[in-house]
Amino acid sequence: MANSKYTYVRDFELPDPLLPGTFMLFRLDGHSFHRFSDMHEFKKPNDIRALQLMDHAAKDVMTEYPDIVLAFGESDEFSFLLRKSTSLYNRRQSKIVSTLTSLFTSSYVFHWPEYFPNYPLKYPPSFDGRIVLYPTEKHVRDYFAWRQADTHINNLYNTTFWALIQGGDKHEILFSRFAINYNRLDARFRKGSVLFRTETTLTHYTTEAMPPESIPEATPTTGVVTPVSLESSKAKSKSKGSTEKSKQKQKQPQTKIEIIHCDIIQDDFWNERPWILDENWVG
């Protein structure tokens with residue numbers, strides 16, 4: 001069937017590879033979400049249920065694709081950073097955009113009842129996605145600074161607007177007229193959601209770090225750790241292939257995805273987590 005007379009139509013499928021050696025930034029937005037949020041009675045100015053649902057869907061995407069090293073979300077939007085060296089789907093733009101968008105959307109719908117148990121979906125939500133390439137770490141950091149600054153500006157305006165006030169200093173109006181201290185509002189509303197990978201605190205023993213004769217072994221009767229004899233170690237090292245596989249496995253750090261709500265415009269977040277933009281880190 002592959003060599004049928006109709007095979008020629010595949011020649012119309014033009015390749016759409018993305019430039020190699022660049023950071024890949026995938027941004028996803030809710031389509032017509034003003035209408036969607038009104039129809040499903042989202043609370044104003046922020047609905048914690050909707051934001052937590054967005055975080056859940058984003059975490060599902062990151063879990064499925066380890067090459068995503070960082071994600072940032074606000075309102076009905078999420079941005080995903082893929083490592084510079086990623087070869088996901090041979091860096092085919094249409095494949096990456098369509099797959100990540102559909103996975104996020106399906107996860108959002110699948111988990112909807114967990115966050116809105118009393119609000120069945122009246123119609124299916126939809127999201128659109130796009131990819132932008134950035135050549136340097138500075139561009140990446142400036143991108144996320146732009147998105148977080150946008151989060152703050154929008155939330156400050158919306159918080160003031162929904163307090164039925166327009167004009168004047170927003171912070172002062174909120175405090176003097178409504179006893180609302182903006183800086184004490186939930187950081188999720190002011191700063192958005194930041195998802196990133198981090199190593200767990202599991203202890204790893206590697207054969208490189210310890211000579212074979214000194215690798216500890218627990219006895220089956222007492223559970224006490226005792227040194228293994230050199231002869232015993234040599235006997236166990238006969239299976240070189242399995243040892244190499246074990247060694248490779250031990251080198252892989254155990255990681256988890258964390259969700260926090262913090263400042264990513266200043267240096268602290270990046271200085272404390274240099275591995276996010278480190279191409280040599282295996283997460």
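What counts, and where the lines are drawn
- Residues take numbers from 1 onward in each chain, read along the sequence in its written order.
- In keeping with the predicted nature of the model, local features appear solely for residues at pLDDT of at least 70, side-chain atom pairs appear and are counted solely at 80 or more, and the whole-chain, interface and lining totals rest on all residues.
- The basis for every side-chain value is the complete set of heavy atoms in the structure, and neither hydrogens nor water enter the calculation.
- UniProt positions are given in the numbering used here, feature names are shortened, and annotations may be inferred rather than shown by experiment.
- By the criteria applied, helices consist of DSSP H or I runs no shorter than four residues and strands consist of E runs no shorter than two, each listed in order from the N terminus.
- Note on definitions: a residue-residue contact is assigned when non-hydrogen atoms from the two residues lie within 4.5 Å.
- Burial classification: accessible surface area is computed with a 1.4 Å probe over protein chains only, and a residue below 20% of its type maximum counts as buried, one above 50% as exposed, and the rest as partly exposed.

J.: Just checking my understanding: could you explain the UniProt feature "binding site: Mg(2+) 2" (unreviewed entry) in the protein chain for this structure?
T.: In the numbering used here, UniProt assigns the feature "binding site: Mg(2+) 2" (unreviewed entry) to D29 and D76. Taking the farthest pair of C-alpha atoms as the criterion, the annotated set spanning 48 residues converges on one region, since that pair is 5.8 Å apart. Tracing the chain through its elements places D29 in strand β1 (residues 23-30). In contact with D29, other than residues within four places in its own chain, are D76, E77, S126, F127, D128 and R130. Inspection of the secondary structure puts D76 in the loop between β2 (68-74) and β3 (77-82). The contacts of D76, once residues within four sequence positions are left out, are L28, D29, G30, F33, M54 and F127.

J.: Is there a simple way to think about unusual backbone geometry in this case?
T.: Excluding glycine, a negative phi dihedral is what most residues carry, and trans is how most peptide bonds are arranged. Cis geometry is found at the peptide bond from K44 to P45, where omega equals 5°. Residue S32 is not a glycine yet carries a positive backbone phi of 55°. Here S32 is to be found in the loop between β1 and α1 (33-39). Classification of S32 by relative accessible area gives partly exposed; the value is 44%. One non-glycine residue with positive phi stands out, namely S75, at about 50°. Residue placement: S75 occurs in the loop between β2 and β3.

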